Amino acid sequence: MTRVIRLSAAVLMAVLATSVLVGCGSDDADDMGLEPQVEPPVIAEAGLLRVAVDQSYPPFAGEDEGRVVGVDVDVASAVAERLGLEIELVDTPAEEVAEKLAAGEVDIALAALPITQGILADVSFAGSYMTNGPAFFSATETTETVSTLAGKRVGVQEGSMAYWMLAGLYGEDAVITYPLLKDAIVDADAGNLDLVAGDAAVAAYIVRDYPSLRFVEQIGYADALGVAIAKDADELEDVVRAILDELSSDGTLATIRVKWLGDLPELATAPPSEELTSSVEATAGDAASDTEDSGDTADSE
C-alpha cells in the first residue's frame with residue numbers, strides 16, 4: 001500500500017528554514033503562510049503539491065526516527081515552498097513513477113531518476129537537481145583509475161553498476177563482492193580493501209560515519225537526476241524548471257547536497273554527442289543480441 005505523508009505549511013517552512021534553504025530572507029522565515037503560485041489544473045489539488053519519492057533509497061529518501069528525510073525530500077520541499085504549496089510525500093518505487101504521474105496521483109516525482117531514461121519511462125523532466133554515478137572511495141591517498149586496478153583489492157556491491165563495469169573489464173574474479181555497499185566500506189575502513197567502488201551518492205552518505213574513507217574518482221560518466229512530471233504537463237514543467245534554476249543559482253541545491261553527501265564533488269555527465277552515440281550503440285547492440293543470441297541478454301542485465 002502506498003504511504004502518504006502530508007506536511008503542513010508551518011512544518012514545511014520550519015524544515016526549510018532550519019536545514020536547507022540559504023536563499024530565504026528573514027521575512028520568509030517569519031511568514032508561516034503560503035501564497036500558491038499555481039492552481040488546478042496545473043496541479044491536481046489546490047494548495048498542495050503531491051510528490052512521489054522512493055523511501056527505499058537513502059540518502060535520496062528514507063525514514064529516520066519516524067520522519068521521511070533525504071536529498072529528494074529536501075529538494076521537493078524547497079520546490080513546494082517556492083510554489084507556495086504544502087507538500088504531500090507519496091512513497092513510490094521508481095518503477096511506479098510513470099504510472100502515478102500519468103494517473104494524476106502525484107504532480108511531480110523525485111526518485112533519483114536519470115533524465116536519460118525519460119523516453120523509456122514515458123515521462124518528461126523539468127530539469128536536473130544533481131548528478132550521480134559509480135565512483136571509487138579509498139581509506140588511503142591514491143590516484144587509482146579503472147586502467148590501473150590490476151592486483152588491487154576492490155570491493156563492490158554484488159549486482160551493482162560498479163560491479164558490472166569492473167567485472168566486464170577485469171573479470172568477475174577481479175572484484176570482491178558484498179551483499180551491501182556498507183559492508184565493503186566497513187571492510188575498507190578496517191584496511192582489508194584498497195578501494196570500494198559503488199554508487200557515489202550512497203557511498204558518500206555512508207562514509208560520513210567512516211571519516212578515513214574519501215572520494216577518489218568517478219567511474220565513467222554520471223547521470224543527471226531530474227524532477228519527473230507527466231507527459232504534456234507543459235505549464236508545470238516550465239514553472240518547476242524555473243524554480244530549479246533559482247534553487248541552483250541561490251545555492252540551495254548545493255546546500256542540500258553538502259548536508260547529505262558531504263564534500264562529494266559534482267560528477268561529470270557525458271557530453272550530448274557521447275550520450276547520443278552511446279544510446280545508438282546500445283540500441284544496435286541490443287538488436288544484435290536479440291537477433292544472434294537472445295539467451296545472453298537477460299544474463300547480462
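Residues numbered from 1 in each chain as written. Predicted model: local features only at pLDDT ≥ 70, side-chain atom pairs only at ≥ 80, totals over all residues. Heavy atoms only, no water.

1. With respect to the overall build of the protein chain
To keep things clear, this is the line we draw: Numbering of helices and strands runs from the N terminus; a helix is a DSSP stretch of H or I covering at least four residues, while a strand is a stretch of E covering at least two. To sort residues, take the accessible area from a 1.4 Å probe on protein chains only and compare it with the maximum for the residue type: under 20% means buried, over 50% means exposed, and anything in between is partly exposed. By the convention used here, residues are in contact when the closest approach between their heavy atoms is within 4.5 Å. Computed with a 1.4 Å probe, the accessible areas rest on the Shrake-Rupley method; for each residue, only the protein chains presented here act as cover.
Tallying secondary structure elements over the protein chain gives 12 helices and 13 strands in all. By residue count, 43% of the 301 residues in the protein chain fall in the buried class. In the protein chain, 75% of the contacts between residues at least 6 apart in sequence involve partners at least 24 apart. Approximately 14800 Å² of the protein chain is accessible, and the part contributed by carbon and sulfur atoms is 51%.

2. A look at the environment of A201
Within the element layout of this structure, A201 appears in helix α8 (residues 200–206). With 71 residues separating them along the chain, A201 and M130 place their C-alpha atoms 9.9 Å apart. Excluding anything up to four places from it in sequence, A201 contacts P59, F60, M130, N132, L261 and L264.

3. Here we look at the nonpolar core
How we decide: To form a nonpolar core, buried Ala, Val, Leu, Ile, Met, Phe, Trp, Tyr and Cys residues must be joined to one another through side-chain atoms within 4.5 Å.
Within the largest apolar cluster, 60 residues are counted, with the highest numbers of intra-cluster contacts made by L49, V51, V75, V79, I108, Y129 and I185. For this core, the leading source of residues is helix α3 (residues 71–83), giving 8 residues. With sequence-adjacent residues up to four places away left out, I108 is seen in contact with L49, R50, V51, A52, V79, L101, V227, A228, I229, L236 and V240. The next biggest cluster of nonpolar side chains, apart from the first, holds 13 residues, and it includes L149, V156, A167 and I219.

4. Some details on helix α9 (residues 234–249)
Put simply, the rule reads: Each residue after the first adds 1.5 Å to the expected span of a helix. Read the arc as the range of directions from the helix axis to the C-beta atoms.
A rise of 1.5 Å per residue sets the reference length of α9, with its 16 residues, at 22 Å; its end C-alpha atoms lie 23 Å apart and thus fit the reference within 8%. Among all positions of α9, only L236, E237, V240, I243, L244 and L247 are buried. Taken around the axis of α9, the buried residues stretch over an arc of 135 degrees, which confines them to a single face. Residues of α9 that are exposed and angled more than 90 degrees away from the buried face: E235, D238, D245 and S249. Next to the buried residues of α9 lie α3, β6 (108–114), β7 (124–132), β13 (223–229) and α10 (252–261). Two residues or fewer after α9 comes G251, characterised by a positive phi angle close to 90 degrees.

5. Focus: helix α6 (residues 161–170)
Looking at α6, one finds that the buried residues are A162, Y163, L166 and A167. Summarising the axial view, the buried residues of α6 lie within an arc of 120 degrees, below the 170-degree limit, and thus occupy one face. Exposed residues pointing more than 90 degrees away from the buried face of α6 are listed as M161, G168 and L169. Buried-residue contacts for α6 involve β8 (134–138), β9 (154–157), β10 (176–178) and β11 (195–199).

6. Details of unusual backbone geometry
Cis geometry is found at the peptide bond from P40 to P41, where omega equals 10 degrees. Counting through the fold element by element, P41 comes out in the loop between α2 (26–30) and β2 (48–53). Of note, the bond from P58 into P59 is cis; its omega dihedral lies within 30 degrees of zero at 15 degrees. For A112, which is not glycine, the phi dihedral falls at a positive 50 degrees. Positionally, A112 belongs in strand β6. With phi around 70 degrees, D232 is a residue other than glycine that occupies positive phi space. Summarising the element assignment, D232 is placed in the loop between β13 and α9.

7. Quick look at the side chain of S160
Summarising the element assignment, S160 is placed in the loop between β9 and α6. A relative accessible area of 16% means that S160 is categorised as buried.

8. Considerations on the confidence of the model for the protein chain
So the rule is basically this: What pLDDT reports is the predictor's confidence in each residue, on a scale of 0 through 100.
Here the protein chain averages 82 in pLDDT, while 76% of its residues score no lower than 70. Low pLDDT (under 50) marks residues 17–31, which in the prediction has 23 contacts with non-local residues, meaning those over four places away or in another chain.

9. Remarks on the pairing of β11
Our working definition: Pairing between strands is defined by DSSP: at least two bridges between the two strands are required.
In terms of burial, β11 is a largely internal element, 4 of the 5 residues being buried. Two strands pair when backbone bridges link them, and β8 and β11 are joined in this way by 4 bridges, in the antiparallel orientation. Paired with A135 across the bridge in β11 is G198.

10. Regarding the pairing of β6
Among the 7 residues in β6, 7 count as buried, and that is most of the element. For β2 and β6, the ladder comprises 3 bridges, and the chain directions are parallel. Bridge pairing in β6 links V53 to L110. In the sheet, β6 pairs with β13 via 4 bridges, with the strands oriented antiparallel. Counted as the bridge partner of L113 is G226 from β13.

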